[in-house]
Structure formats: C-alpha cells, structure tokens
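# Observations on the three-dimensional arrangement
Letter by letter, the chains look like this.
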Amino acid sequence: QVQLVESGGGLVQPGGSLRLSCAATGNIFSIYARGWYRQVPGKQRELVAAITSTGNTNYADSVKGRFTISSDGAKNTVYLQMNSLKPENTAVYYCNFRLPSVNYWGQGTQVTVSS
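A brief structural summary.

Rules used in this analysis
- Residues numbered from 1 in each chain as written.
- Predicted model: local features only at pLDDT ≥ 70, side-chain atom pairs only at ≥ 80, totals over all residues.
- Heavy atoms only, no water.
- Salt bridge = Lys/Arg side-chain N within 4 Å of Asp/Glu carboxyl O.
- Buried < 20%, exposed > 50% of the residue type's maximum accessible area, 1.4 Å probe, protein only.
- Core = buried A, V, L, I, M, F, W, Y, C linked by side-chain atoms within 4.5 Å.
- Helix = DSSP H or I, 4+ residues; strand = E, 2+ residues; numbered from the N terminus.
- Contact = heavy atoms within 4.5 Å.

### Focus on the pattern of salt bridges
- Under the counting rule described, the total for this entry stands at 2 salt bridges.
- Notably, a salt bridge pairs Glu46 with Arg38, separated by 2.8 Å at the nearest N-O pair.
- Residue classification places Arg38 among the buried positions, given a relative accessible area of 7%.
- Here Asp61 makes a salt bridge to Lys64, at a shortest N to O gap of 3.0 Å.

This is the structure in structure tokens:
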C-alpha cells in the first residue's frame, strides 16, 4: 500500500524559510508528476508547485521566485524549499503524486508564518 509521508512544516517568522519533504512508501511506478498543494479553512485546495517526471516545473504566480520544488526519483521523494515566507503562506500543505490512473495524497503538514 502506498503512503506519502510529509515532514518539515512548522512555525516560522515572516521572511524565514522552511523545507518540506514528502516520501512515498510502498511500490509506486509510472509517476507522471509530483506536487505540493495548500489549503486554508473555507477555501479550495490550490496548487503551489509541481514537477513532472521529465523535470518540468510549474508554480503558482504568488510563489514564483520564492519557492523551489525538486524531486529525487530514486527515493520517490519531493521537496519544497520555501523562502521569504509571508503570513499569507500560512496553510496546510499537501504533497501529491499523480499517476495515469490514480492520485496519492499526503496527510498534510501545517505551515504557519507569524511573528
């Protein structure tokens, strides 16, 4: 059974940095893309960043230049380096592995940006 395990969330001051990690356990093949989404109460989950199996990346406009997504295919992991964090980046962050016929989601990790 495949599970995505996230780590790295927490409380950080505005302007600070965090690095989120997500590792897949179990056998997982033919991953089309890995990504990070976030959700705040009362709003839909939204894409933050994604990276395809060929290395193409896509970012939400609000995080371009501050966040960097990367992955390690051999380890089935995906990372999100978040710099220059702002209070509006506060959310629960979820990792996602997209396969042709199924999506896997992590359990979510809270990121709080506050002084």
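Next comes the rest of the description.
### Section: the nonpolar core
- Of all hydrophobic cores here, the largest spans 29 residues; its most connected members are Trp36, Leu80, Met82, Tyr93 and Phe97.
- Contributions of two or more residues to this core are made by β3 (18-25), β5 (46-52), β7 (67-72), β8 (77-82), β9 (91-98) and β11 (109-113).
- Those residues in contact with Tyr93, other than ones at most four positions away along the chain, are Glu6, Leu20, Trp36, Tyr37, Arg38, Val48, Phe67, Leu80, Met82, Gly108, Thr109 and Val111.

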